[in-house]
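Understanding the architecture of this molecule
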Amino acid sequence: MKRRNKLPVLAAMSAALVLTMAACGQPADDGIDPAYVEQLQQECVDLRSQLQALTSQLSDLEQSVVLTSYTLKAVPNDDNSGAAIEMTAVPMRYEEGQSAKFRVTLDGAEVASVDGKWDGTAYTATANLKAADGYAYECFLTKADGSQVSAVLSSPEAPLYESCVYLQSGLNAYCNMFVEDWAQDGKQLVLTTAYVQVQLPRIGGRAVEYKSSDLVLKMGEDEIQRIPLTIPEGESEGSFEKMLSDIRFNTPEIKDNQQLDLWFEVSLTDGQLLTYNGCSWYLSDGELVLAVG
């Protein structure tokens, strides 16, 4: 996916207004109502004001736009411990003596600074990064006179290339579970509203697929009950997600020093077992209480 600017849109709008104004400026034929001619002349005045405003916006935008397009692409290491991030940036204008540098930060600290190589169309560079989440990418252009401008390519605040920003999450499969509401109905524990998600690796192709998933209620190491789930594909690539309601578990006799744990387990086609502890409960005055922290 390439990031593009709004200059062509403003330029097209300006051109359309110029053509309309040219038509307004044509002499009126004999017999046309003078009031109608006066109306057209006033409309032309309004159009000139709009054109001046658009021309000003176009000039301001030309000064502020650093890059016309850019890309980030992650190529994973053989052991999935990190990735090579291939970066390209096309400047708004290329000038003799101009240079580029790509800077990568993690939690505000610089982890890579790579000079861009001009290939006649774009600056290119590659940064080797370890698997971690929260990277930010920025491109700096330095002119021959030493003046410098910069553009953020992707960051946690604006994750245009999400898999490169959240590299560790993009390299690995994971699952999540969120219990929004629950209840105790006699000897049953009821998930009133819950949400489960599975995310396959988003970098390096989908060599692994989702196979099956279960909700598992445990007390210590003992499995109390297992409920299979069928989870449909989500909106984003490699994701599976589902809202749950009225999921019921039969609860055993529980003592004050014991705890119930609800696990979300996901099996993948490569043999991986993903697990996530959705929540836990303990007994207080004969009632189940949600454990916090």
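Everything below is about the structure shown above.
All figures in this text were calculated on a predicted structure; none of them were measured in a lab.

Conventions and cut-offs
Residues numbered from 1 in each chain as written. Predicted model: local features only at pLDDT ≥ 70, side-chain atom pairs only at ≥ 80, totals over all residues. Heavy atoms only, no water. Helix = DSSP H or I, 4+ residues; strand = E, 2+ residues; numbered from the N terminus. Buried < 20%, exposed > 50% of the residue type's maximum accessible area, 1.4 Å probe, protein only. Contact = heavy atoms within 4.5 Å. Areas by Shrake-Rupley, 256 points an atom, 1.4 Å probe, with all protein chains shown as cover. Pairing = 2+ DSSP bridges. Axes fitted to C-alpha atoms, helices over the stretch in contact; angles between N-to-C directions.

Here we come to the overall build of the protein chain. Helix and strand counts for the protein chain stand at four helices and 17 strands. Here the protein chain holds 293 residues, and the buried ones make up 37% of them. A fraction of 61% describes how many contacts in the protein chain between residues 6 or more apart in sequence connect residues 24 or more apart. For the protein chain, the accessible surface area stands at approximately 16,900 Å², while carbon and sulfur atoms represent 48% of it.

A word on the environment of Pro232. Checked against the element boundaries, Pro232 lands in the loop between β12 (222–229) and β13 (239–244). Its relative accessible area of 44% is what places Pro232 among the partly exposed residues. For Pro232 and Val198, which are 34 residues apart along the polypeptide, the C-alpha to C-alpha distance reads 9.9 Å. Excluding its chain neighbours within four sequence positions, the residues that come into contact with Pro232 are Phe240, Glu241 and Lys242.

Taken in spatial order, the four strands line up as β4-β3-β7-β8 in an open sheet, and their pairing is antiparallel. The open sheet is flanked by β4 (109–115) and β8 (148–154), the only strands paired with a single partner. Taking each pair of neighbouring strands and ignoring which way they run, the sheet shows an average axis angle of 25 degrees. Relative to strand β7 (residues 135–142), strand β3 (residues 99–106) runs antiparallel, the two sharing eight bridges. When the sheet's bridge partners are listed, Phe102 is paired in β7 with Cys139.

Now for the side chain of Thr105. Counting through the fold element by element, Thr105 comes out in strand β3. Those residues in contact with Thr105 that sit more than four places away from it in its chain are Glu110, Val111, Gly134, Tyr135 and Ala136.

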